[in-house]
Amino acid sequence: MDVVAERVAALREERLDHRFKGLPPDAAGLTVGELAAQRRTLTDGGFTTPLLVLSAEALDHNLGVLEHWTEERGLAFAPHGKTSMAPQLFARQLERGAWGITVAVPHQVRVCRAFGVPRIFLANELVDAAALRWIGAELDADPGFEFVAYVDSVRGVQLMQDALAAAGVRRRLDVVVELGAGDGARTGARTEADCADVAAAVAAAGQLRLVGVAGYEAEVPDAGPEPVRAWLRRLVALAAELDRGGAFGGAEQIIVSAGGSAWFDAVADVFAGIGGMSRPVLPLLRSGAYVTHDDAHYARVTPFTRVPGRLEPAFRLWAQVVSRPEPGQAFLNAGKRDVPYDLGLPAPVAVRSAAGLRPAPAGLVVGRLSDQHAWLSVPPDDLIEVGDLVCLGLSHPCTTFEKWPLIPVATADGTITDYIRTFF
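Just so it is clear, the structure is predicted and the values come from calculations on it, not from any experiment.

A.B. asks: What exactly am I supposed to notice about the overall build of the protein here?
C.D. replies: Of the regular secondary structure elements, the protein holds twelve helices and 18 strands. Taken against the 2.2 N^0.38 rule, which gives 22 Å for 424 residues, the C-alpha radius of gyration of the protein at 23 Å falls within 12% of a compact globule. Along the longest, intermediate and shortest principal axes, the C-alpha atoms of the protein span 70 × 45 × 35 Å. Of the contacts made within the protein by residues no fewer than 6 positions apart, 70% connect residues no fewer than 24 positions apart. Accessible surface for the protein amounts to roughly 17400 Å². Of this, 52% is attributable to carbon and sulfur atoms. Positive and negative side-chain charges in the protein, numbering 40 and 51 respectively, have mean positions lying 2 Å apart.

In structure tokens, the structure reads:
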């Protein structure tokens, strides 16, 4: 058993208690593994509401889709771990051929390292001296650990150099120049000339090694198929220009990286045209939201609305009707603490009452969220009543995962087979 699998398996020994919402009260004191072995069901397993559930079948489907999609197009894949912050899912992604795991901040690097992830891509600038000292120590202690971070300024390069040199770090830290997506976009050097200045600063910094270029195409102003592809062509051209100038002289390969969950088709198209360079090129995709997909935002923006393929929404949240004070109004016991709302409100997909399960009627709508309540508009003639359960479809995987430290995984018949631990 490799290190990642061994450390992930140890999560099954964690004892259950009040920290984990939605779990059966009578499971307190059991280990996660013991509860999973009981194979309780959603309907009669003693779970409380609200309860977030992850579909075993949809999860497996989505993992397989991007595994095969990237493999067929010759792309390396470092799925963004910030989406789930779930080492069990990192392990499954690595088992399915992922090159490594992408993260965004030093805390997420620490979580990955705690579970033995051997290759980490930090898709962000890193100028925190304490974090640099720790990462440098990790590199020195483990020759097999590979780490790459963004740089986008000469000042940032100097801060990295100073922190690593002061700590006496022996291994050089690998960096990629981030090309910004345009004026008003997020991070990244704005022009190719700026990128060349950053690359020159890296060359002069003894603690750093330039290994490629990267960026995030979804930040392109007025993003659309052609503006996104035009920026991606700039990214590829930047890599070629820096290579001609000898900027990657210390690298074994040249990383060219992009790719969120909205434009990975464009990334594949443009990266397929990368020409020959002085050393092998690693075209690296970093999409993360695919792992659970969703019912709204990513359902609208996924490339699979344009190219063949399909992802499935893997999350469902069950909440209970606790009040129906007016004919057209009901309240569920799930709110902002339980469901995402930054990219759209949850939407009812089903209702379970004493009469059984039925599809949610068109007029059943979540119009507002309080901290612990969902405001549910109800068609006047609908028979939903206090005590019924409502199944909600969700929008935005990242802010779903972060609200739930332990998430049951259920098969299509409602049997709970596993629990996913998150670390936010």
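A.B. asks: Teacher, can you tell me more about the sheet that holds strand β2 (residues 76-77) here?
C.D. replies: By way of backbone hydrogen bonds, the strands of a sheet pair with one another, either parallel or antiparallel. Taken in spatial order, the eight strands of this open sheet run β2-β9-β8-β7-β6-β5-β4-β3, and their pairing is parallel. Taken across any chain shown, the strands that pair with only one partner, and hence form the sheet edges, are β2 and β3 (101-103). Where strand β8 (residues 254-258) and strand β9 (residues 281-285) come together, five bridges link them in parallel fashion. By the bridge assignment for β9, Ala258 is matched with Leu285.

What counts as what
Residues numbered from 1 in each chain as written. Predicted model: local features only at pLDDT ≥ 70, side-chain atom pairs only at ≥ 80, totals over all residues. Heavy atoms only, no water. Helix = DSSP H or I, 4+ residues; strand = E, 2+ residues; numbered from the N terminus. Rg over C-alpha atoms; globule rule 2.2 N^0.38 Å. Contact = heavy atoms within 4.5 Å. Areas by Shrake-Rupley, 256 points an atom, 1.4 Å probe, with all protein chains shown as cover. Lys, Arg positive; Asp, Glu negative; His and termini not counted. Charge placed at Lys NZ, Arg CZ, Asp CG, Glu CD. Pairing = 2+ DSSP bridges.

The values reported here are purely geometric and, on their own, carry no functional implication.
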